[in-house]
Every structure is written in C-alpha cells, then in structure tokens.
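Structural description and commentary
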Amino acid sequence: MGLFRALSSLLVLHLLQGSNASLVQLNENGYEDVIIAIDPAVPEDGEIIEQIKAMVTAASTYLFEATEKRFFFKTVSVLIPETWKENPQYRRPKHESYKHADVIVAPPALPGGDAPYTRQFTECGERGEYIHFTPDFVLGRKQNEYGPSGRLLVHEWAHLRWGVFDEYSEDQPFYIGKSKKIEATRCSTGITGTNSVYTCQGGSCITRRCRIDPTTKLYEKDCQFFPDKVQTEKASIMFMQSIDSVVEFCNEKNHNQEAPSLQNLKCNYRSTWEVIRESEDFNRAVPITGPPFPPAFSLLRISERIVCLVLDKSGSMSGSNRLNRMNQAAKHFLLQTVENGSWVGMVQFDSGANINSELIRIRSNSERDTLVKSLPTQAKGGTSICSGLRTAFQVMRNKDFPLDGSEIVLLTDGEDSTASSCVDEVKESGAIIHFIALGPQADQAVIQMSNITGGNHFYASDNAENNGLIDAFAALTSENADPSQKSIQLESKGLKLINNAWMNDTVIMDSTVGKDTFFLVTWTVQPPSISLWNPSGTLTAGFTQDTASRMAYLSIPGNAQVGTWTYSLQAKANSEILTITVTSQAANSAVPPITVNAKMNKDTNSFPSPMIVYAEVQQGYAPILGANVTAVIESNTGKTEVLELLDNGAGADAFKDDGVYSRYFTGYSENGRYNLKVRAHGGANSARGSLKYPPSRAAYIPGWVVKGEIEGNPPRPEADKNTQTILENFSRTASGGAFVVSGFPNTPFTDPYPPSQITDLDATPEGEEITLTWTAPGEDFDVGNVQRYIIRISGNMIDLRDNFDDALQVNTTDLLPKEANSKETFTFKPGNILEENATHIFIAIQSVDKSNLISKVSNIAQVALFSPQEDPGPDENYSGVNVFTVVLSVAVSVVVVSIILTTIICVIKKKNSSSKLGTSL
C-alpha cells in the first residue's frame, strides 16, 4: 500500500509540472535536474560549456535575492551533442534528452535573431516549454544589447517556470496614462530615462526629441526609451533586468496597471510577483537564511541509442487481430523508424519472458531484416510485465551496456496485478520506459513507470482503421538524434471498405524531406491492389509483399521526387480495412525539415474540465504560419472527434501567428484512455517564419543615458514583416500520445461549458462613436454560437475588472452573435461615465450561451478623455492640429483619433449607485 502511495505521489508531482516535459524538481528551495541542451547544429566549442556554468552560477545568486531568499539552482545537466568529441569529464545521459530540455542553446531561428526568448504558448501562471539562447549570446557577444547573461536567465526562468510575461512592449512602447503624459511602457514607472530618436550614420550620431504622430497622438515610430544608466529603482526584472539597480519583480505596490504590457493583458493586470506567489513552487518554499550552495554541474554527452522492444504475446493478444497488428507496427519501427547506429534487442513475454534477439547494431538493412524475423508468432499464456522488463535489463547487461539512458518500448494489452512489484527496479535502473497500451485494459502501473522515467505513453484502440498502433511506433524516434536523421511521418490514414471499394488519395513530398522515403500498406483479410504514381505520373513498382504479416512496403532509393504522389488501393475482400503510412527523412542535413509536434495540455483529466490540444508546426525553430491543422481524438472504443486547430490568438490559442495551433477539447464520450493524432497541411497560404520577434523575450537595450548623454547600441537587425517566405505544399501527421479521462457520467447531464473568454477586444473611436472588434467565442468555449453579449463601461479599470456586474451596461439589442472564431464588430456611443475625475472609458465584454452560462470578463479596452501633454520643444509636432481627442488603448494597443468638437462626454460624480448601476445606454 505504501508503494502505491509513493507511486501516486510521484505521478501527481509529474503532472504538476504542467504540459511541458521538464524533469525539474524543487527540493529544499533548490531546482534540481535542470537540463541545458546544446543543439547538434552548434559547432564544438568548449567555451560554451564554461560560459553556461558561469551564467547559471550568477543566475542562482540573482534568483535567490529576487525571490526573497526562496529559490536557487542546485543541480544542472549540460547535454552535449554526439558530434562533439568524447571527453573523460562527459558521462552518458540517464533520463536527460532534448525533449526534457529547459534551456536550448541553438543557432537563431532567423538571421540576426539573437534575442533570448522563452517558448511560451499557454496562459498566465502556466509553465512554458523551453528557453532559447544562441551561442553568441551564451559566449557573451551580445551583453551590450541584452545585459549580463545570469540576470537574463532569471528573466527567462520567470517566463518558463511561473508563466509571467514581459512588462515592456515593442508593439506599443508608449501609452498615454492618467498623468495625461505619454509614458514609456514599463514597470515600475520609477524607472527613469529619456524618450528620444537616436540615429547614427558614418560614425556621427544625432539625438533629438521624439515628435508626436498626429494620427496616434503618440510618439513617432523611431522614438525609443533610453533608461538612465544610474538608477535607484529596484523593480522590475520582467521589464529590464539589465539595469544595475533592478533586483526585484514588480509587486502590487509598484505595479504599473496602465501600461499596455503583455503581463497586464495575460495576467488580468496583476503584477509578476502576485502571479509568482500563487505558484506551486512558492507554496512549497519558505525563505532560508544564508547564501545558497553554488550549482553542481553534470556534463552529459549523447551516445548511441540502445533500445529493447518488450512485446506482449499473452493469450489476449490473439483477439482483435492484436498480435498481427503489433507485428506490423514493430516491423515498421525496425525497418524505418529506428536510426542507423542504434543498438536494438527484443524480448517477448506472457507469464514468463524470452529473449528473441540480443542487442544488434543497426548498420544496414541486413540487421533490420534479422530483427524482423524475431517478432513473436504465437499468442498464448498469462501476463507478467515485470518478467519482460527484467529480461530486457538482462539483454542490456549481456552486452555490458549501462542501463542509464537505455530505452524500453513496452507494448501490452492486459492488466497485471504484479506489475507494481518492479517499479523500484525500473526507477533505479536508469532506463526509460515508453509504454504503448493496446486496448482498454492495459495496466495502469506501467503508465506510472513511463511517467517516472520520462518516457512516452501512447494508446491504440482495437479500431485498426485509425492506424493508432503504427502511429505510436512511428513516433518513437530518438529524442537525442539530429533532426536530419529522424523519420518523419507524412501520411497515416485508414479506411473500412466494402464491396471491393477503392482508397484513393495523394501524399505531398516537399523539398525539406525525401530521403529514405517508405510507403507501408496493411490489410486485414486479403492483399489489395496497389498503384502508386510519382509526381511525373510514372507508375512506381517494387512493393515487397509480406502476406504473413498482411503488409506491403516500398522504399524509394535516394531522394524521392518532390511533388504530389498519388496512390490507389483496391480492397479485394467484401469487408476490409486498409491503411497507408508514409515516412521520410530530411533531404539535406543543412536544411531543417518541417515538423509537427502535438500534445494535450494535461496527461489526466476529470470531466467536465476542458482540455486543450496543441500542435506546433515549425521548420527548425521558425514557426510555420497559415497551415491547415486538424486533430483526431480517439476514445477507448474507437469513437473519434475531429477538431480544426487555429492559430488566431483567440479561445484556447494564446498567441496569434506563433506557429502553435490550438483548440479546446470537450467532446468526451466515455471514461478511459484517449489517443491524439494531428494532421498538418500547407500550401499557398503558408509561410515560413513569423518574421517578428517572438513574445516572452528579453528587452533589447537601445542604449543608456549617461550624464545626460545617450550612449547608443547598434540598432537591432530589423525583421521585415512584409517579406515572409511562401512555402511549397507539405503534409505531416504526428501522434500526440495518450491522456486519461475520469468522471464522465453514465446519465444525461446539463451543459457544463460556458463560452470562452474574449482576449482580443480592440476598439477604434470614430467621430462620436467607438467601434469594438473581437473574435467571437462559442456556445461551448470556441464551438457554436453564443446567445448574446454583455458590454459594460466604467471610469475605473479595477472596478470594471472586479465589479463587472455593477458597471454601466451598453445596449446590445441589435448585436447578433456570429459563429465562433468569426470577427465581431459593434459600434456604440459612449454616453455618460459615472465616476468623478474619470480620465478614461474602460470597456469589457462577457458572452452568454443558451444555458445562461457566462464567460469570464474579457480583456479591458481603454479610451482616454484628454489630449496628451506635450513636452516643450519646437519639433514636438508634425502639424498645428489642435482638437479634442479620444485616445484608445486596448491592452497592447493605443490608438488616438480626433473627434468632433461638439462631442461632449460628461463626467458625472457618482451619487447613488443604486439608481445608476445596470442602466442601459
């Protein structure tokens, strides 16, 4: 019983780590098992390792002081590529891999893009994916532009670990505050500096005051905020940690709620320290006395892959064609997925276990064929998972290989009451357990083993047409292999056919792939007729038919022809299930292939809580925009739901155009395991690279004000947002693993899902009116139509946020909601603001569905009721325009336009709220 409690504790701890794959643990105030991985594309340079150590050591002290003596870095592993030379200091990794990396040192995603950033595509308070540093940054070549690397690591760690956001804004670097002055977006406002235009040419630099743009009534585009080099203000690290005096995060006392920063937009105008205080880390730590110990470093060099298949051949595998389907998928893994140079062995088990093959080094197709011949041929007997695992450990020891970092791919379809007895052995072995559950009865204890060891977990139903078993094996590429050596799935499709019907479709071969292309066709009854045409229209022959395994496959030598491949499969049985799987590798090791990574935001969930599907489409580290991405989610019994994923910055999607496509999933049909598969297609509407700097990154320092003079840095290389690389057609599929749902009721239930929160409310004053725009939510989060909208205004932002129902309501009788994810537009006259001395109109929206469930309050739009005060100077204005203005700021945007002189916006002192509140305009 104690063992099960320990397992449950470990599983909960793993799940608390969030949706990313980090292995970091907080132990007595210290972060352990932090992984910093050097990308294989980085040329060997020992100085990078030394600078990583110096950076983390400095960061640990800075982090400790910034968190009021709570947190520091205790143990850090540096993952070194296999392409770097061996060194006696280097050890073999255990569970550490690129999948689990917290920091990745890699070339810039785009030329000149040395800005350190955190890959963060979830909401406030949720952990990010990884931090990206370039080699030039780590080597100290960008310190003038970004400040000391140790301090910057703390800035990015706050993004990664606690889900806070930046307190500056390059999209809206200035705003008009209640002070009626133009202010630089920052936190806190105690940070002093100068707003100037600083230009250099031919060794000569000119400084001038910023002019006001007559359209926006804000400073011109080239205006920048140059902070004073000498400051006394201590906050905030999420604005500019490179200021010497800055040693704290903004808190509720000094937080700037007016600024159009991402922190305000995403975190409901709370300070970074408030968000950090609500984190799981903060609740588990108390301040300690004395300085922390310096971090301890482990240097781990990636070496050859060692993997052992542990395959269930118990009696239950004879049903539902399971044994044959397992062999089809395992054969695909052996022939195509596992990389050359890997060591592969095989064990089969029922009530006992046998070694089918000792470890073999894969150098050619000969070794692959030998392993294929070792697959199980008969299903009988009981189920002893521990026997299979212990025998796999023996296979490793027979070759004197270390178990640390070795992988076990365990497939089973049955429960085993004794499986928990070997959990401690598995944990202590250092091996990584990848678990493939076939059917609804696969054992829960193995899921715990997989979680504890950092392995992957997949589920495949008995519905063969969903091709889930082959997808699972195809996803098991090495987590530490160079991306150019990995097998990439281009297509995975199945159909149930009757009356000798056809299965016809196409597969797109783009120029980033084509090497070692592999076509696999499976059937359940009789071999089908197979025809495959290349893009030139030539019929491609040469499929190898394996009637015993009910599969046929074809390898394309060299690089497959770029373009559209067409296939036709005709069933030869009255009722038949056909599947086709197409995989390939990078055509050129110097050109990153387009990839898709998919996952759910949680591994386990309880009904009716929604889940979120994420699919990241990238080429290298550059996002792919404009792709068509769909998720297929399959339940225990083979029921499927298809979702179109969106990159629109609304609903479940946190950021627009970041290459992460998202959607809420609420289509539960039963309790148990669900499997995720994602398809991505690109074409004329797709573009490589969001040619803007990613969110959640360190501020670029334009220069400093020293003794009244600007000492400027070279301007940062500008990304041209208007010249994106248009992509050729491409197609990809990817398995997103499995998740488990509990609590689904057996009886009918009422609608549990409200509309999703509106997060992109925008506004434009037009004469006497204000026009609002936003993305429509749905009846159930981001699906369907809401019934109505509630729009309220106030003269106080916090009152509107905290007491939305008490604010003045706008008449929306004529506003008919559109389908979810459509663009909504609504125009109204602002009317009277109740608060005395109000300087802004604040606007927010809720939506209501047909069950009268109400969404969260949207982001807040701001409309100022004054003209900004101008700094004295002859060149402050483009023209002598002198009119009243209405100034708009919507979270991350500030827009100012002139309104008609006769417009009167009355500011009335609130006398009796009971007579005013709730009045429709």
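Residues numbered from 1 in each chain as written. Predicted model: local features only at pLDDT ≥ 70, side-chain atom pairs only at ≥ 80, totals over all residues. Heavy atoms only, no water.

Some details on the overall build of the chain
Along its length, the chain carries 17 helices and 50 strands. At 30 Å, the chain has a C-alpha radius of gyration in line with the 29 Å of a compact globule built from 921 residues. Expressed as a percentage of contacts within the chain between residues at least 6 apart in sequence, the contacts between residues at least 24 apart total 75%. For the chain, the exposed area adds up to about 36,300 Å²; of that, 48% sits on carbon and sulfur atoms. (Helix = DSSP H or I, 4+ residues; strand = E, 2+ residues; numbered from the N terminus. Rg over C-alpha atoms; globule rule 2.2 N^0.38 Å. Contact = heavy atoms within 4.5 Å. Areas by Shrake-Rupley, 256 points an atom, 1.4 Å probe, with all protein chains shown as cover.)

Description of the state of the cysteines
Taken as a whole, this structure holds five disulfides when the rule is applied. A disulfide bridge connects Cys124 with Cys267, and the sulfur atoms are separated by 2.1 Å. The sign of the 105° torsion about the S-S bond sets the Cys124-Cys267 disulfide as right-handed. Remark: Cys267 occurs in the loop between α7 (262-266) and α8 (272-277) and Cys124 occurs in the loop between β7 (117-119) and β8 (130-133); sequence separation between them is 143 residues. (Disulfide = S-S within 2.5 Å.)

Focus: the sheet that holds strand β4 (residues 72-73)
Spatial strand order, β1-β2-β4: three strands in an open sheet with mixed pairing. Looking at which strands have only one partner, the edges of the open sheet turn out to be β1 (25-27) and β4. Pairing of β1 with strand β2 (residues 30-32), which is carried by three bridges, proceeds in the antiparallel orientation. Looking across to β2, one finds that Asn27 is bridged to Gly30. (Pairing = 2+ DSSP bridges.)

Observations regarding the pattern of salt bridges
Inspection of the entire model under this criterion finds 31 salt bridges. Across the pair Lys493 and Asp505 runs a salt bridge, and its minimum N-O distance is 2.6 Å. With a gap of 12 residues between them, Lys493 in strand β21 (residues 488-498) and Asp505 in strand β22 (residues 502-509) connect regions that are remote in the sequence. One connected set of salt bridges, linked through shared partners, spans Arg127, Arg161 and Asp281. (Salt bridge = Lys/Arg side-chain N within 4 Å of Asp/Glu carboxyl O.)

Comments concerning the sheet that holds strand β30 (residues 604-606)
In space, the five strands of this open sheet follow the order β30-β41-β36-β33-β34, with mixed pairing throughout. Two strands in the sheet have a free side with no partner beyond their single neighbour: β30 and β34 (640-645). Direction aside, neighbouring strands of the sheet carry axes that sit 30° apart on average. Where strand β33 (residues 628-634) and strand β36 (residues 672-682) come together, seven bridges link them in antiparallel fashion. Bridged to Val629 within β36 is Ala680. (Axes fitted to C-alpha atoms, helices over the stretch in contact; angles between N-to-C directions.)

Some details on the environment of Glu126
By the element assignment, Glu126 lies in the loop between β7 and β8. Judged by relative accessible area, which is 36%, Glu126 ranks as partly exposed. The spacing of Glu126 and Asn144 is 18 residues in sequence and 31 Å in space, taken between C-alpha atoms. Those residues in contact with Glu126 that lie beyond four places of it in its chain are Trp162 and Gly163. (Buried < 20%, exposed > 50% of the residue type's maximum accessible area, 1.4 Å probe, protein only.)

Brief notes about empty space enclosed by the protein
Here the structure, examined in full by the defined rule, presents eight cavities of 30 Å³ or more. Taken as a whole, the largest cavity spans an internal volume of roughly 110 Å³. Around the largest cavity sit Asn321, Arg325, Gln328, Ala464, Asn467, Leu469, Ile470, Thr522, Trp523, Thr524, Ile577 and Thr579, which together line it. Secondary-structure elements contributing two or more residues to the lining of the largest cavity are α10 (322-337), α15 (468-474) and β28 (575-586). Its residues assigned to classes, the lining of the largest cavity comprises five nonpolar, six polar and one charged. (1 Å grid on protein atoms, 1.4 Å probe; cavity = no way out; pocket = protein on both sides within 12 Å on 5 of 7 lines; lining within 4 Å. Points joined across faces, edges and corners; volume = space filled by probe spheres on them. Nonpolar A, V, L, I, M, F, W, Y, C, P; charged D, E, K, R; others polar.)

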